[in-house]
Amino acid sequence: MDMGILGLGRHGLNSFEQIAIVGVLLAAFISLAYAWFLRGKVLKNDKGTAKMQEVWNAIREGAESYLGRQLRTILPLIGVLTVLMFLSVYIVPPTQEATKEFGASAQIVIAVGRAIAFIMGATFSLLVGQLGMRMAIQANVRVASASRRGFNEALSIAYYSGTITGMLTDGLGLLGGTSIFIVFGTAAPDVLLGFGFGGTLLALFMRVGGGIYTKAADVGADLVGKVEKDIPEDDPRNAAVIADLVGDNVGDCAGMAADIFESYEVTIVSGLILGLALVTIDPTHSLKWIVYPLIIRAIGVISSIIGTFTVPIWEHFPIKFLRAHDAEGSMFRSYEVSSVFTIFWSFLLALAYANDWRLSALTAIGVGLAVAYNPLTSYFTSTKKPPVKEIVESTETGPATTILSGLAVGMESSVWALLVIAIAFVLALLLYGNESSPTYVLYAVAMIGIGMLSHTGNNVAMDSYGPISDNANGIGEMAWHDMEDAETVKARQIMADLDAVGNTTKAITKGVAIASAVIAAVSLFASYITDVGHVQAALVLQGQLAASQVLTSIRVSETGVFVGLLLGGALPWLFSSLSIRAVSRAAAMIVEEVRRQFRIPGIMEGTTKPDYARVVGISTGAAQKELVPLATISVLVPLLVGLVLGVEALGGFLAGIILSGQLLAVFMANTGGAWDNAKKSIEDEPRDLVKNTGKGSERHKASVVGDTVGDPLKDTAGPALNPMIKVANLVSLIAAPLIVSLRLGDPIVIVIISVVLLAGSLWALRTSKRKMATLKAAK
């Protein structure tokens, strides 16, 4: 057999496909090289005055302390799960593809491969989050300094810093998935499950921990500083202000980067699993179903590089109608450049290589879905649009009407977001609904997810831009709070403008992340049905199962499935409840500490420096205490449902999680984003307490209440649902073969395992609901 390039010939790839896979690998390295290039471009900018660097150092030390403690918390669990990843393959028969690739050694090879892939996925997710956050911290003080010289320079530094994280996400995600395919060939999907689960689990940890940290600090700082003491948001007299700025980095930078990275991984995993199923169904047995999505991802990387590099040019673009009028417009233009590039090359690839124009149409639908989320989310969260203006008007009559109008905006936005996703799925059905197998439609859905996340570099850049500009604003506020010269006033306005856009871009990328999570979960759901069917078909050949029992679809009319659907729909609500409770407990501790420090003589007068490190320590400790219980619930509950009710009911459970989780996540993200920008709209008004306008007015206080309620919704509970949905789906997909085998065995074994899983779930629930006194005692 001709081994071909990098041994790819042994997997049955033709010459073009071998060259294409090498090109995909090269694109991954180009992405990482571009990130390194941008790093140098950002770091060459100055860090401003000594006072700015003093504030910056406090933020940097706090963020690094948090990430170090988080790593120590999760490493033991990663070790245990690595062993379980190995056993998840070793205790069930190898697949036909694995046997074909590796013969008699298939079982041990795939078991070791999945364990290593799990470690690799977790490591890559950790690197994306940690390196991205560290780069954001390096950028924030440089953005603050650049704002003294001009808008475009400050925008470029903030956006390029975010792009570094985006390129790391692209490069490492593509490198991991492609490397596993090169080594394992058509058996790669079995190994990629470990890669996806490693990335997803780390994302859950970073999302939950970062979200609790950032919003506990933010809520504590706002309630005492703005509401009780009537001082500005980032006033240096507030002991929680550094913890608040640290939280922007560990939550919105590290957490979101890891979140989108695992969506990037999971869509590749599901695409290859379903692609492999089509290879066996397709009369030509063409490997295009596996190779095409990898090439599309490589095209997306190059598209993101081109698009992100154009951001600074749009403000002064020579063609007037294409010119951007603010930072948000510049980012949207760059995204559109990337989109046009990807769609163009995907059509050429589909026609020249796959000989199926419908594949490129799916890519275009996915790209279009991501593009559609930009104006859709912007409409419900931008200060310039009617929904936020409606909330601003409602502040005239107090906090209650502010809360009500914000809830209404969030509820409506969730409906439209779901409708856009449903339209994309209907288009997939129209394109492939007439094929011989429903697997074609399921693969089409996975390809929409591939297309949607093809511009991950742009998405992560837009998201990281938000906390970078927010931190820059905070550094300026703290360093220049007693300066009113013309240059400082101009710099403050530039940073305020950048920060306001950052709120909208964060909301947009949260919307894209939620939508991508739903599509990735639907793709995994389809993979779940396919994989369970394959396992059951093998058991039929062994005489252990009747042919009529092979799973081909999920029937909601079955009582067990409907019960699973109800339980799955309830899990996101329980998870969100526990997340918000965690923020409430931690925020209460911070409120008490900030109040205590304000009672110290000299703090309010500005002659005594607050103990920022103490509040940072409280936030860090509180966030870490919540990580393991919430992750435990996400992992154990699906296993319990599958063992007790069966694999078909577990499928219903996954469907319930996807639907309920999507609606709830979008609702919380957009509600919080709208309240936040309504508050900023009032803060931008001239301060006049007689006319009830500007900071310190009753309208402002009402908006602060709305923003405070919305903070844990948009930055903790809502975003944390993304990885939770995918953790549940991946755990189910990995455990499905074992569940099928166990339910054919001794019922006593099922009872014992179920009792252990139930006990673990109840422990996690009880731990997450413990009272404040327990937390205080644990400090």
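A short tour of the structure in this document, coming up. (Residues numbered from 1 in each chain as written. Predicted model: local features only at pLDDT ≥ 70, side-chain atom pairs only at ≥ 80, totals over all residues. Heavy atoms only, no water.)

A look at the packing of aromatic side chains
We describe a pair of aromatic rings using the distance from one ring centre to the other and the angle between the two ring planes.
So, step 1. Within the structure shown, the criterion is met by 13 aromatic pairs.
So, step 2. Aromatic pair W289 and Y443: ring centres 5.5 Å apart, planes at 90°, arrangement edge-to-face. Here Y443 lies in helix 13 (residues 439-452) and W289 lies in helix 8 (residues 288-309), a separation of 154 residues in the sequence. The same class applies to W289 and to Y443, which are both buried.
So, step 3. Grouped by ring-pair contacts, the aromatic residues Y34, F37, Y160 and F309 constitute a single cluster.
So, step 4. Over the ring of Y264 we find R297, and its NZ or CZ is 4.0 Å from the ring centre.
So, step 5. Taking NZ or CZ as reference, R358 lies 4.0 Å from the ring centre of Y432, over its face. (Phe/Tyr/Trp six-rings, centres within 6.5 Å; stacked < 30°, edge-to-face > 60°. Helix = DSSP H or I, 4+ residues; strand = E, 2+ residues; numbered from the N terminus. Buried < 20%, exposed > 50% of the residue type's maximum accessible area, 1.4 Å probe, protein only. Lys NZ or Arg CZ within 6 Å of the ring centre and 35° of its normal.)

Points about helix 19 (residues 698-743)
So, step 1. Most pronounced at A735, the bend in helix 19 amounts to some 50°, and the proline P737 follows within four residues.
So, step 2. In terms of residue burial, helix 19 counts as a mostly covered element, since 38 of its 46 residues are buried. (Bend = angle between axes of the 7 residues up to and from the residue.)

Observations regarding the environment of M452
So, step 1. Examined against the element boundaries, M452 turns out to sit in helix 13.
So, step 2. Along the backbone, M452 and I519 are 67 residues apart, and their C-alpha atoms lie at a distance of 9.1 Å.
So, step 3. In this structure M452 touches Y335, G366, V367, L369, A370, Y373, N459, V512, A515, S516 and I519, once residues within four positions along its chain are discounted. (Contact = heavy atoms within 4.5 Å.)

Looking at the packing of helix 1 (residues 15-43) against helix 5 (residues 151-184)
Relative placement of two packed helices is described by the angle separating their axes and the distance separating the axes.
So, step 1. The geometry of helix 1 relative to helix 5 is characterised by a closest axis approach of 8 Å and an angle of 155° between their N-to-C directions. Of the possible angle classes, the one that applies to helix 1 and helix 5 is roughly antiparallel. As for the relative orientation of helix 1 and helix 5, their crossing is left-handed in sense.
So, step 2. Grouping the constituent residues of the contact of helix 1 with helix 5 by class yields 21 nonpolar, 6 polar and 3 charged. (Axes fitted to C-alpha atoms, helices over the stretch in contact; angles between N-to-C directions. Parallel < 35°, antiparallel > 145°, perpendicular 65-115°, else oblique. Left-handed = near helix turned anticlockwise from the far one by under 90°. Nonpolar A, V, L, I, M, F, W, Y, C, P; charged D, E, K, R; others polar.)

Let's talk about unusual backbone geometry
So, step 1. At N355, a position not held by glycine, the phi torsion is positive, near 55°.
So, step 2. Residue class for N355 comes out exposed when judged on its relative accessible area of 67%.

A short note on the side chain of S125
So, step 1. Relative to the elements of secondary structure, S125 occurs in helix 4 (residues 106-146).
So, step 2. Discounting residues that sit within four places of it in the chain, S125 has contacts with G199, L202, A203, M206, A258 and F261.

What about a nonpolar patch on the surface?
So, step 1. On the surface, a cluster of nonpolar side chains totalling about 570 Å² of accessible area is made up of W416, L419, I423, V426, L427 and L430.
So, step 2. Relative to the helices and strands, I423 resides in helix 12 (residues 399-432).
So, step 3. I423 gets classed as partly exposed once you look at its relative accessible area, which sits at 47%. (Patch = residues over 30% accessible without salt bridge, like charges linked within 9 Å, V, L, I, M, F, W, Y side chains within 5 Å. Areas by Shrake-Rupley, 256 points an atom, 1.4 Å probe, with all protein chains shown as cover. Salt bridge = Lys/Arg side-chain N within 4 Å of Asp/Glu carboxyl O.)

Examining the environment of L453
So, step 1. Mapped onto the secondary structure, L453 falls in the loop between helix 13 and helix 14 (456-479).
So, step 2. Looking at L453, the relative accessible area reads 1%, which means it is buried.
So, step 3. In the structure, L453 is positioned 189 residues away from Y264 in sequence and 6.3 Å away in space, judged by C-alpha atoms.
So, step 4. For L453, the contacting residues outside a window of four places in its chain are I260, S263, Y264, T267, R297, N459 and S516.

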